[in-house]
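Each chain, letter by letter, is given below.
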Amino acid sequence: MELEDFLQFEPFNQLRAAMGTDKLGYFELFDPAIHVTGEERSQLDRQGLTLPSHQVGRLLDHTLCYKNTRVVLVGQGCYHLSHCESLQAGDEVTIATSAYPLNPVLSVCPSCLQLLGYQGYDAQKARKEGYNARVLADFSLPQFWQEYPPYPIKRDRELVKALD
Ligand SMILES: [Zn+2]
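Residues numbered from 1 in each chain as written. Predicted model: local features only at pLDDT ≥ 70, side-chain atom pairs only at ≥ 80, totals over all residues.

**Examining the overall build of the chain**
For clarity, the cut-off: For the purposes of this entry, the term helix denotes a DSSP run of H or I that reaches at least four residues, the term strand denotes a run of E that reaches at least two, and both are numbered from the N terminus. Only C-alpha atoms enter the radius of gyration; for comparison, a globular chain is expected to reach 2.2 Å times N to the power 0.38, where N is the number of residues. Exposure is read from a count of other C-beta atoms within 10 Å of each residue's own; the residue is exposed at 12 or fewer, buried at 20 or more and partly exposed in between. C-beta atoms are placed from the backbone. Residues are treated as contacting if the C-beta atoms built from their backbones sit within 7 Å of each other.
Broken down by element type, the chain carries five helices and eight strands. Traced from its N-terminal end to its C-terminal end, the chain shows the element sequence α-α-β-β-β-β-β-β-β-α-α-α-β. The globule rule puts the C-alpha radius of gyration for 164 residues at 15 Å, and the 20 Å found for the chain is more than 25% above it. Counting only C-alpha atoms, the chain reaches 70 × 35 × 30 Å along its principal axes. A total of 164 residues make up the chain; the buried ones form 24% of that total. Counted over contacts in the chain with a minimum sequence separation of 6, partners at least 24 positions apart contribute 67%.

Shown next, in the form of structure tokens:
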């Protein structure tokens, strides 16, 4: 039996055109164990999500993740972008994807900028003192997400390590 080549199957092509897409879709089955739900996404964005710290992972690039999204972790007086040396995660942590839950307004953790080498930040070079201060002062989360897209990350489980 010869299988129909669905790329040449006109009714499907018309359907694709009607949907306004010329690309073949990529579909991944939704699995709430590894994919953030709409409810969680909203919480991460609006009030933050508090959960056991073992549910937060770190990626090879040192940034933090929850399921298939990058997150920041709310620390004491600052928020963390990475598993930096200053990060002290208790049994429970609060994570977020926007600055909105970081109220009262927290600033970004300088150790995280150092670990990531964010925009050339390097506190070990004295001559960069002024530059570093500017990177720290000008830091914005939306801009950070442009360099480290928060979602969806390819959660190849081998690449995700526990916080500790
Ligand atoms: Zn940090």
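That was the structure; now back to the text.
**As for the nonpolar core**
Here is a general trend for soluble globular proteins: nonpolar side chains tend to be buried in one another's company. Applicable threshold: By convention in this section, buried Ala, Val, Leu, Ile, Met, Phe, Trp, Tyr and Cys residues joined through C-beta atoms within 7 Å make up a nonpolar core.
Ranked by internal contacts, the top residues of the largest apolar core, which has 26 residues, are V71, V72, L73 and I95. Elements with a minimum of two residues in this core: strand 3 (64-66), strand 4 (69-74), strand 6 (92-96) and helix 3 (110-116). A total of four residues in this core trace back to one element, the largest contributor, which is strand 4. Among residues more than four places away in sequence, those in contact with I95 are L44, G48, L49, V56, Y66, V71, V72 and L73.

**Considerations on the environment of G130**
One can find G130 in helix 4 (residues 129-138). Classification of G130 as exposed rests on a count of 7 C-beta atoms within 10 Å. Residues G130 and C78, 52 residues apart in the sequence, show an inter-C-alpha distance of 21 Å.

**Here we look at the pairing of strand 6**
Spelled out, the test is: If DSSP finds at least two bridges between two strands, the strands pair.
Bridging between strand 1 (residues 49-52) and strand 6 involves four bridges; their strand directions are antiparallel. If you follow L51 over to strand 6, its bridge partner there is V93. The pairing of strand 4 with strand 6 spans two bridges and is classified as antiparallel. From the neighbouring strand, V72 faces strand 6, where its bridge partner is A96.

**Thoughts on the environment of D164**
Here D164 is to be found in the segment after strand 8 (161-162). By the C-beta count within 10 Å, which is 9 here, D164 ends up exposed. Along the chain, D164 and A89 lie 75 residues apart, while their C-alpha atoms are 8.7 Å from each other.

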